[in-house]
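Architecture at a glance
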Protein chains: 2
Amino acid sequence: MIRFAALGIDHRHIFGMAANLLAEGADFAGYWTDGTPETLAGFTKRFPNVSRCDKAALLADPDIDLILISAVPADRADLAIAAMRSGKDVMSDKPGCTTLAQLDAIRAAQEETGRIWSIDFSERFEVPAMTRAAELVAEGAIGRVVQTTGLGPHRLNAATRPDWFFDRARYGGILTDIGSHQIDQFLFLTGSTDATVLRAYVANYANPIHPGLQDFGEIVLQSGDAHGYIRVDWYTPDALPTWGDGRLTILGTEGYIELRKYIDVGGTKGTDHLILVNGARCEKVDASDAGLPYFARLIDDIRNRTETAMPQAHTYKAMELAIRAQMLAEGTT
Amino acid sequence: MIRFAALGIDHRHIFGMAANLLAEGADFAGYWTDGTPETLAGFTKRFPNVSRCDKAALLADPDIDLILISAVPADRADLAIAAMRSGKDVMSDKPGCTTLAQLDAIRAAQEETGRIWSIDFSERFEVPAMTRAAELVAEGAIGRVVQTTGLGPHRLNAATRPDWFFDRARYGGILTDIGSHQIDQFLFLTGSTDATVLRAYVANYANPIHPGLQDFGEIVLQSGDAHGYIRVDWYTPDALPTWGDGRLTILGTEGYIELRKYIDVGGTKGTDHLILVNGARCEKVDASDAGLPYFARLIDDIRNRTETAMPQAHTYKAMELAIRAQMLAEGTT
């Protein structure tokens, strides 16, 4: 079985990244992180047998196959490059990087070393309803996918956020950060290898005391005959009992699928609600048992040097488009 | 009580327009229509005591206050102008017209005569959940409205549609036609008196045998700090037990509202499902009892020469933006 280590646990996504690999039987060899991130107490409680180690020692350990990275977004590229140059494959938290220059450097290192640079887009890979939706789309259950509408609200929790969360240069901007989830889903569900960002916008409408925060963002994408609209925000209100009412609507020529990923307000309990309507079916499906194949596939890829979890080119394209959207929104391109 | 007549019953919306006025106590004096539209049998069954009349006689009748128009879209402007020049107020089916030249002519006639030119945007005015949503927004239940996402799927029913339905010049294009509903809702809910159409697109992806049909359309709007995304289509699949799973999501800085206007697939029965989440509430609300104040307000406006049902300027702006979006999508502007 493969062994993995973590470099940087600054974002809570490290919990899901590590837990899902452990569930597949992988070994958690150790972690390094910079300073004392807010996540540290939760991390040591959740993974009490995993030791904090020297970064160089983890990179030098020949028995470690895979490096997880959930450092501050702006620092992830350097860590990924160091890991690949040390012969390790990489699973990064999103965003995998925050600038096109970082992306180019990652790509150069990846191509040179032949290592895997994967991003655990948790809003796809850690959502069983997405697994079921992908199966249904692949079966042709809704015809050809014409459009996806991705609504990605998030709870701000400003009081518990570290300083870097409000620093544009460090978190990368709302479209690079949480928008990249939605771009990943658009490309994947429409079968697109590229897309044009037609519209990108960011703003801070509700949080003037955090001027570095962008609390609203939108993106319009087109790829051939496939259309995508993305709206992300940090407005999730207090009464919602989870961090965000994430929605994805997939419109096909012969039907549609809606995902209520994390909650169905006033409806069925639990997560992973999938609404399917086509010529023969009109129903709500509990997709919570559809599994999370990304993690086992990535382990297979590490062993077999394949690309079953996520094509390498897709990972590049999702991050490239997210960063380009961010630049377009900020007028820097 | 006011008396009304209908000129043109080519679209089934005439049923709701007339029935809602009758429910407010208005009298249906008679109707004229061109030829034998597909709606005629249903109309005479629903309104057995309403006689077919001569158009000129209806326009000349001094006891008729209001003319309803649900003719072929391209013909509505001339009828509206004739009605206003005959001293009648007008309630038109959407789209109220199909070209900017028609809109200019309507405006000239309306300003000259001081008559009311109103459009019964049925996806707002005939949906009780919209009434409740508007009340909640006005109360500040979700803070300032930042964005609306309107998804307007419709069932094609190609076999039962008249020829004009597939003739771009006669129905006006998908954005002018069903897109105008969504523009009306965006302007209304965001309190906008104007907006910029940033993106507009139309296509025929699934119906090549009807080359005049546009079966997919999208619009991106911005008005100051208010954003709008609109997607309309003719893909409603057979298994859905109603004509379309119309949705509207209203994002505010302090909460959000979702409307499942006509159906809640796999959920609660009935129509007018409103999901409200804010700082204190997280619930599904049955809004089917919220009423349809547009009709009583229009009757009051007819009597009192006021603009409580819908400001005249709003009606112009909604149609202007819909037609401009259509032109932008078709590259004619």
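Position numbers for residues count from 1 along each chain, tracking the sequence in the order it is written. Chains and ligands are labelled by the order in which they are written, letters from A for the one and numbers from 1 for the other. Predicted model: local features are reported for residues with pLDDT of at least 70 only, side-chain atom pairs are reported and counted for 80 or more only, and whole-chain, interface and lining totals are derived from all residues. To get the side-chain values, take all heavy atoms of the structure and skip hydrogens and water.

A few words now on the domain arrangement of chain A. All names here are of chain A. Residue ranges labeled as domains rest on an automatic or database domain assignment. Each assigned domain of chain A is listed with its residue range as follows: domain 1 (3-120) and domain 2 (124-286). Taking the mean C-alpha position of each, domain 1 and domain 2 sit 25 Å from one another. Note: buried area is the sum, over both parts, of the accessible area (probe 1.4 Å) each one loses when the two are combined. For the domain 1 and domain 2 pair, buried surface summed over both sides reaches about 1,200 Å², with 53% attributable to carbon and sulfur atoms. We define a salt bridge as a contact between a side-chain nitrogen of Lys or Arg and a carboxyl oxygen of Asp or Glu at a distance within 4 Å. At the boundary of domain 1 with domain 2, the tally comes to 2 salt bridges. Here Asp 75 ties to Arg 170 by a salt bridge, and the two come within 2.8 Å at their closest N and O atoms.

Further remarks concern the pairing of strand β1 (residues 3-9) of chain A. Burial analysis of β1 of chain A places 6 of its 7 residues in the buried class, the great majority of the element. We call a crossover right-handed when, viewed with the strands running away from us, the connection from the first strand over the helix to the second turns clockwise. Helix and strand definitions here come from DSSP, where helices need a minimum of 4 consecutive H or I residues and strands a minimum of 2 consecutive E residues; each element is numbered from the N-terminal end. The parallel pair β1 of chain A and strand β2 (residues 27-32) of chain A, bridged by helix α1 (residues 13-23) of chain A, forms a crossover whose chirality is right-handed. Burial status follows relative accessibility: with a 1.4 Å probe on protein chains alone, a residue under 20% of its type maximum counts as buried, one over 50% as exposed, and anything between as partly exposed.

Let's shift gears to the UniProt feature "domain: Gfo/Idh/MocA-like oxidoreductase N-terminal" (unreviewed entry) in chain A. UniProt positions are given in the numbering used here, feature names are shortened, and annotations may be inferred rather than shown by experiment. The UniProt record marks residues 50-120 of chain A with the feature "domain: Gfo/Idh/MocA-like oxidoreductase N-terminal" (unreviewed entry), using the residue numbering of this structure. This span, residues 50-120 of chain A, is 42% helix and 20% strand, and a straight line between its end C-alpha atoms measures 21 Å.

Residue and element names in this part refer to chain B. Along the chain, Ser 70 falls in strand β3 (residues 66-70). Owing to a relative accessible area of 0%, Ser 70 belongs among the buried residues under this scheme. Through-space distance from the C-alpha of Ser 70 to that of Ile 2 is 19 Å; in sequence the pair is 68 residues apart. If sequence neighbours within four positions are ignored, Ser 70 has contacts with Leu 7, Gly 8, Ile 9, Asp 10, His 11, His 13, Ile 14, Met 17, Arg 76 and Asp 93. Here a polar contact is taken to be a pair of N or O atoms separated by no more than 3.5 Å, where protein atoms must pair a possible hydrogen donor with a possible acceptor and residues adjacent in sequence count only if both atoms sit in side chains. At a separation of 3.0 Å, a polar atom in the side chain of Ser 70 contacts the side chain of Asp 93. By definition, residues are in contact when any of their heavy atoms lie within 4.5 Å.

Moving on, we come to helix α10 (residues 293-304) of chain A. All names here are of chain A. Working rule for helices: expected span equals 1.5 Å times residues minus one. Along its 12 residues, α10 runs 16 Å from first to last C-alpha, staying within 8% of the 16 Å computed at 1.5 Å per residue. Here the buried face of α10 lies against α1, β3 (66-70), β4 (89-93), β5 (117-120) and α6 (122-125). At the C-terminal side of α10, Arg 305 shows a positive phi close to 55°.

Looking now at the side chain of Ser 122 of chain A. With respect to the secondary-structure elements, Ser 122 of chain A resides in helix α6. Those residues within four positions of Ser 122 of chain A in sequence are excluded, and the remaining contacts are His 13, Val 127 and His 181 of chain A.

A few words on the sheet that holds strand β13 (residues 282-286) of chain B. Residues and elements named next belong to chain B. Only strands that DSSP links by at least two bridges are regarded as paired with each other. Taken together, 8 strands build an open sheet; the order of strands is β7-β8-β9-β6-β10-β11-β12-β13 and the sheet is mixed. At either end of the open sheet lies a strand with only one pairing partner, and these are β7 (196-203) and β13. Each strand of the sheet is rotated relative to its neighbour by a mean of 10°, with strand direction disregarded. Pairing geometry for strand β6 (residues 145-153) and strand β10 (residues 247-252), over 6 bridges, is antiparallel. For Val 145, the partnering residue across the bridge sits in β10 and is Gly 252. The convention used is that axes are lines fitted to C-alpha atoms, helices contributing only their stretch in contact, and that angles between N-to-C directions extend from 0 to 180 degrees.

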